[in-house]
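Notes for the structure review
So you can see what is in the structure, the chains are spelled out below.
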Amino acid sequence: MNLLVLRFSAMGDVALMAPALIAVAAKYTNIQLTVVTRGNYASFFYNIPNVNVIGINLKKYKGLMGLYRLFKELNKLGPYEKIVDLHSSVRSRFISLFFRFKGVPVFQIIKGRREKMRQIRKHRKVLRKLPHTVDRYLKVFEKAGYPASVRKGPWINVDPESKIYAKDFLLARKIEKKEGLWIGYAPFAGHKLKEWPLEKSIALLKLLKEEFPNVRIFLFGSSQEASIMEEWRNGDQTITIVSGGKYGIRGELGIMERMDVIIGMDSSNIHIAALLKRPVIALFGTTHPLSGFAPFGQEDTGVLQIEDLPCRPCSIYGNTTCYRKDFACMERITPEDVIKRINVIKNINTLF
């Protein structure tokens, strides 16, 4: 029995497939799960039994003819008994349609767009907890005839090569052993409205150094954001910049799993860290964890937000503007709030 599973983006949403795939693969050992996603996301599914990842470059499959060519290539690797579409995008719907023409049953995710729109409208908001993305994935497998329950994490396993890269990365920066508290900070997100104001990030770095004298801080960001992080670092040898490297995502996973706490925005870094089962602190402003995107397994301690703002949430993905013009949802979260939450997490996880 071979199931074709489709999900191309975004990075955090692809990573969140891991708990669902683990649950299904563990319960149904007689099936093969063939996962089609972007090639650089394959490392999220390392060492999951009966999961085969087909990493693709979507730029090679543009337009309807490109998707049809992708369908034909995937079809040769079959046959597939069922298609599990966890994306329900234009691409995945067309590919699913081609398989439908061949008589292959297709099961697609229900994203709950109507319920989400009720959460973000200005007036008469209906802010109730929606199913987590992982639960939505599991629901699709259930409709396909494979109900399963989430197993205990971590849900992302770091492969040996990633661990070697992390070790080499640290040794190259004369970090030979782990001492003190290691804190990761991912200050950026795909949309600016999901990011903390830059001056608050600078203040947080200063406060972390004051509150935890033995702290080592790792700044996570893209190569385009490296210059900003270098300015923040300002030559401080206890602050290390992590911006990809020759192993890309794989390398970052090896470093991320070593962190004691990871702070970030509502972004892929936080979701990945939570799936590694590292303690996280996710700053939510314009978006809201009740929309189904809370850090998996840490929906309470892993979320830092201002709860008494009736305008929240104003967006599901952060791709909007603040109609209040004061960005209160993020401005009111202070560096001191983050420090307090770190201390809570330290007590829960006995990091010291």
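First, a word on scope: everything that follows refers to the structure included in this document. (Residues numbered from 1 in each chain as written. Predicted model: local features only at pLDDT ≥ 70, side-chain atom pairs only at ≥ 80, totals over all residues. Heavy atoms only, no water.)

Moving on to the packing of aromatic side chains. In this structure the tally under the stated criterion is 14 aromatic pairs. Both rings, one in Y68 and one in F71, keep their centres 5.7 Å apart while their planes meet at 35°; by these two values the pair is tilted. With a gap of 3 residues between them, Y68 and F71 both fall in helix α3 (residues 63-76), about one helical turn apart. On the basis of relative accessibility, which here comes to 34%, the residue Y68 falls in the partly exposed class. Judged by relative accessible area, which is 6%, F71 ranks as buried. For the pair F71 and F99, a centre-to-centre distance of 4.8 Å together with 80° between the ring planes defines the contact as edge-to-face. In this pair, F71 is assigned in helix α3 and F99 in helix α4 (residues 90-101), connecting sequence segments 28 residues apart. We classify F99 as buried; its relative accessible area is 1%. Joined through ring pairs, the aromatic side chains of Y68, F71, Y80, F94, F98 and F99 make up one cluster. (Phe/Tyr/Trp six-rings, centres within 6.5 Å; stacked < 30°, edge-to-face > 60°. Helix = DSSP H or I, 4+ residues; strand = E, 2+ residues; numbered from the N terminus. Buried < 20%, exposed > 50% of the residue type's maximum accessible area, 1.4 Å probe, protein only.)

The subject of this paragraph is the pairing of strand β10 (residues 280-284). Every other side chain in a regular strand lies on the same face of the sheet, so the side chains alternate between the two faces. For β10, the tally of buried residues reaches 5 of 5 residues, placing the bulk of the element in the interior. Alternating positions in β10 separate into two faces, V280, A282 and F284 on one and I281 and L283 on the other, with burial throughout. Bridge analysis of strand β9 (residues 261-265) against β10 gives 4 bridges, and the strand direction is parallel. By the bridge assignment for β10, G264 is matched with A282. Handedness of the crossover joining β9 and β10 through helix α11 (residues 268-275) is recorded here as right-handed. In terms of strand pairing, β10 meets strand β11 (residues 303-305) through 3 bridges, oriented parallel. Directly across from F284, in β11, lies its bridge partner Q305. (Pairing = 2+ DSSP bridges. Right-handed = clockwise from strand over helix to strand, strands pointing away.)

Empty space within the largest pocket amounts to approximately 820 Å³. What lines the largest pocket is a set of 31 residues, and nearest its centre among them are M11, G190, S267, S268 and N269. Mapped by element, the contributors of at least two residues to the lining of the largest pocket are α1 (11-15), α10 (249-256) and α11. Looking at the lining of the largest pocket residue by residue, the classes come out as 13 nonpolar, 13 polar and 5 charged. Composition of the lining of the largest pocket by domain shows at least three residues from each of domain 1 (2-144) and domain 2 (160-350). (1 Å grid on protein atoms, 1.4 Å probe; cavity = no way out; pocket = protein on both sides within 12 Å on 5 of 7 lines; lining within 4 Å. Points joined across faces, edges and corners; volume = space filled by probe spheres on them. Nonpolar A, V, L, I, M, F, W, Y, C, P; charged D, E, K, R; others polar. Domains from an automatic or database assignment.)

Another aspect to go through is the packing of helix α2 (residues 17-27) against helix α6 (residues 133-143). It is the contact of α2 with α6, at a shortest axis distance of 8 Å, that shows an interaxial angle of 35°. Crossing of α2 against α6: the hand is right-handed. When α2 is examined against α6, the residues M17, P19, A20, L21, A23 and V24 are found in contact with a partner set consisting of V134, Y137, L138 and F141. (Axes fitted to C-alpha atoms, helices over the stretch in contact; angles between N-to-C directions. Left-handed = near helix turned anticlockwise from the far one by under 90°. Contact = heavy atoms within 4.5 Å.)

Moving on, we get to the nonpolar core. Formed by 65 residues in total, the largest nonpolar core has its most connected members in L33, F44, F45 and F141. The element that contributes the greatest number of residues to this core is α2, accounting for 8 residues. Viewed by domain, this core spans two of them, domain 1 (2-144) and domain 2 (160-350), each represented by three or more residues. Counting 39 residues, the second largest nonpolar core, distinct from the first, contains L193, I241, I263 and C314. (Core = buried A, V, L, I, M, F, W, Y, C linked by side-chain atoms within 4.5 Å.)

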